[in-house]
Amino acid sequence: MKRHKAALWLLLASTLVAISCSPGTNEGQRRSAKAPIIDMHLHAFGFDEYGYPAPPNEVTGNAPTFDSDEAAMRGAFDALRRAGIVRAVASGPREHVDRWREAAPAWILGGAYTGSRDPLPSIEELRQRVDAGSVSVLGELGLQYLGLSADSPELEPYWDLAEALDLPVAVHTGLGDTGTPYDCCPKFRARLGNPLLLEDVLIRHPRLRLYIMHAGYPFLQDVKALLTIYPQVYADLAVINWALPREEFHSYVRALVDAGFADRLMFGSDQMVWPEAIALGIEGIESASFLSGEQKRDIFYNNAARFLKLTAEEIELDHAGAR
Ligand SMILES: [Zn+2]
C-alpha cells in the first residue's frame, strides 16, 4: 500500500510538471515515443466494477489494489503510456467515460457502452453525446449479454443513427466467461455471439462503419464468411490475445491472416480492472512469429487509423512520440 501511494504521488507530481511546462498538454500527449498503438477496446470502469477488493486477474492471478476510481484510472493511464498507446476507445458507464475523457480528451475516445447492467442509451441521449464529442464510438454493444440478437428490430434506430452520423460501431461478438448464463446474465446465449447475426444489419445499412469485437472468437468460419462478403467490416483481437491459451489465439489469428484479413484486424486489450492486460495483449501479438513486422504494425496501428479515418496530421502526431 505504501509503495502504491508513493507511486501515486510521483504520478501526480509528474502530471503537475507536465501541465505547468506545456499549456494545453493532456495525458495523451505525454506518452512514450514507442511505435504508436491504438487500443480499440478497453473499459472505463469504476474501481469496484467487479466488487472490492477486485477479483484477481484470471490469467496472472494478480489482484488490483486500487481503492478509488481516480486511482484505477491513473493505473490504466500509466499502463497505456508504458505500452505506447496513443489513442484508446474506452467504453463503460457514462460517468466513468466522461471522467476519463475529461482527464485525457486527446487520448480517450468515448464509447457508448451497453452490457448486462447497462441498458442502451436513448437515441436522443446518444445523439447529444456524439454532438458533444463525448462519444466517438457506438459500443461496446454487449447485445449478447442482454439476450439480444444484432438483427433485432429494436436496434434499427441505433443503426440508422450510426449510419447517418458515420459513427463507428463496435459490437461484442463471440465469447463470454464460462457459465455466464448461470451467474451474471440469464439472457446470455452462446449462439447470440455469432457475428453472422450482423449480416442483415449490413444489408439494410451498407454504409455502417462496424467492427466485431473479440474477432468473433470462436466462430472462425462465420467470421471468415462475414469478412469475405463485407469488406467494410473490421475486427478487434481484444481479450483473446491474453486470456486464451497462447497457441489457441495464434492459430485463430493465423487462420484469419492466411485467409487474407491482416489488413482488417485491430489491436484491443479489453482491459477492465487489470491494467496488466494491456501489455499481455500486446505480447500476444508480438509473439506471433507467423506475422511479419509490417503485419504487426498494421494490427497495432495502421488498420485502426484507417478504420477511424484519422487525418494525415493526426497520424503524424501519433508517430511523433511526445508532442
Ligand atoms: Zn466484449
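Details of the structure are given in the entry above.
Residues numbered from 1 in each chain as written. Predicted model: local features only at pLDDT ≥ 70, side-chain atom pairs only at ≥ 80, totals over all residues. Heavy atoms only, no water.

Asker: So what about the sheet that holds strand S7 (residues 234–236)? Which residues, and what values?
Answerer: Strand order in the open sheet made by the five strands is S4-S5-S6-S7-S8, with parallel pairing throughout. Single-partner strands in this sheet number two, and they are strand S4 (138–141) and strand S8 (265–266). (Pairing = 2+ DSSP bridges. Helix = DSSP H or I, 4+ residues; strand = E, 2+ residues; numbered from the N terminus.)

Asker: Give a detailed account of the pattern of salt bridges, specifying residues and quantitative values.
Answerer: The final tally for this structure, using the stated rule, is 12 salt bridges. Its salt-bridge partner being Asp166, residue Arg209 comes within 3.2 Å of it at the nearest N-O pair. With Arg209 in the loop between helix H6 (199–204) and strand S6 (210–213) and Asp166 in the loop between helix H5 (156–165) and strand S5 (169–172), this residue pair connects regions lying 43 residues apart in the sequence. On the basis of relative accessibility, which here comes to 28%, the residue Asp166 falls in the partly exposed class. Close ionic contact of Asp258 with Arg254 constitutes a salt bridge, the shortest N to O distance being 3.9 Å. Of this pair, Asp258 and Arg254 both sit in helix H9 (residues 246–258), four residues apart, which is roughly one turn of the helix. Exposure remark for Arg254: the relative accessible area of 42% places this residue in the partly exposed category. (Salt bridge = Lys/Arg side-chain N within 4 Å of Asp/Glu carboxyl O. Buried < 20%, exposed > 50% of the residue type's maximum accessible area, 1.4 Å probe, protein only.)

Asker: Can you break down the coordination of the zinc ion residue by residue, with the values?
Answerer: Surrounding the zinc ion are the protein donor atoms Glu140 (OE), His172 (ND1) and His214 (NE2), which sit 1.8 to 2.3 Å from the metal. The sequence pattern formed by the donor residues of the zinc ion is E-x31-H-x41-H. Of this pair, Glu140 sits in strand S4 while His172 sits in strand S5; the two residues are 32 residues apart in sequence, bridging distant segments of the chain. Each of the two residues, Glu140 as well as His172, counts as buried. (Donors = N, O, S within 2.8 Å, 3.2 Å for Na, K, Ca; no water.)

Asker: I'd like a description of the state of the cysteines, backed by residues and values.
Answerer: Under the defined criterion, the tally for this structure stands at one disulfide. Disulfide pairing is shown between Cys184 and Cys185; the S-S distance is 2.0 Å. Across the disulfide from Cys184 to Cys185, rotation about the S-S bond amounts to roughly -95 degrees, and the bridge is consequently left-handed. (Disulfide = S-S within 2.5 Å.)

Asker: With reference to specific residues and values, describe unusual backbone geometry.
Answerer: The peptide bond linking Tyr52 to Pro53 adopts the cis configuration, its omega dihedral lying at 0 degrees. Within the element layout of this structure, Pro53 appears in the loop between strand S1 (37–43) and helix H2 (69–83). That bond from Tyr217 to Pro218 is cis: its omega, 10 degrees, falls within 30 degrees of zero. The residue Pro218 is located in the loop between S6 and helix H7 (220–229) in this model.

Asker: Could you give an account of H7, with specific residues and numbers?
Answerer: Buried residues of H7: Leu220, Val223, Leu226 and Leu227, and no others. An end-on view of H7 places all buried positions within 125 degrees of arc, on one side of the element. Residues of H7 that are exposed and angled more than 90 degrees away from the buried face: Gln221, Thr228 and Ile229. Residues of H7 that are buried sit in contact with H6, S6 and H9. (Arc of directions from axis to C-beta. Contact = heavy atoms within 4.5 Å.)

Asker: So what about the sheet that holds strand S3 (residues 108–112)? Which residues, and what values?
Answerer: Ordered by their spatial adjacency, three strands build an open sheet running S1-S2-S3, and the pairing between neighbours is parallel. The sheet is open, and its two borders are formed by S1 and S3, each paired with just one other strand. Between one strand and the next, the sheet's axes are offset by a mean angle of 20 degrees, whatever the strand orientation. Inspection of the sheet shows strand S2 (residues 85–92) paired to S3 by five bridges, in the parallel sense. Within S3, the position partnered with Gly92 by the bridge is Ala112. Across the sheet, helix H3 (residues 94–103) touches S1, S2 and S3, and the angle it forms with S3 is around 165 degrees. (Axes fitted to C-alpha atoms, helices over the stretch in contact; angles between N-to-C directions.)

Asker: Outline the packing of aromatic side chains, supporting the account with residue identities and numerical values.
Answerer: Remark: the centre distance and the inter-plane angle together describe each pair of aromatic rings, the angle taken between the planes. Within this structure, the stated rule accounts for 11 aromatic pairs. Ring geometry for Phe47 and Tyr52: centres 5.4 Å apart, planes at 65 degrees, overall edge-to-face. Phe47 gets classed as buried once you look at its relative accessible area, which sits at 19%. Their ring planes at 75 degrees and their centres at 5.0 Å tell us that Tyr217 and Tyr252 sit as a pair that is edge-to-face. Highlighted residues: Tyr217 in the loop between S6 and H7 and Tyr252 in helix H9, separated in sequence by 35 residues. Assigned by exposure class, Tyr217 and Tyr252 land together as buried. When the ring centre of Phe307 is taken as reference, the NZ or CZ atom of Arg209 above it lies at 5.9 Å. (Phe/Tyr/Trp six-rings, centres within 6.5 Å; stacked < 30°, edge-to-face > 60°. Lys NZ or Arg CZ within 6 Å of the ring centre and 35° of its normal.)

Asker: Give a description of the pairing of S1 that names residues and reports values.
Answerer: Along any regular strand, the residues point their side chains to alternate faces of the sheet. Counting buried residues in S1 gives seven out of seven residues, a clear majority hidden from the surface. In this sheet, S2 lies alongside S1 in parallel orientation, the contact comprising five bridges. Residue pairing in the sheet places Leu42 in a bridge with Ala90 of S2. In this fold, S1 hands off to H2, which returns the chain to S2; that crossover is right-handed. (Right-handed = clockwise from strand over helix to strand, strands pointing away.)

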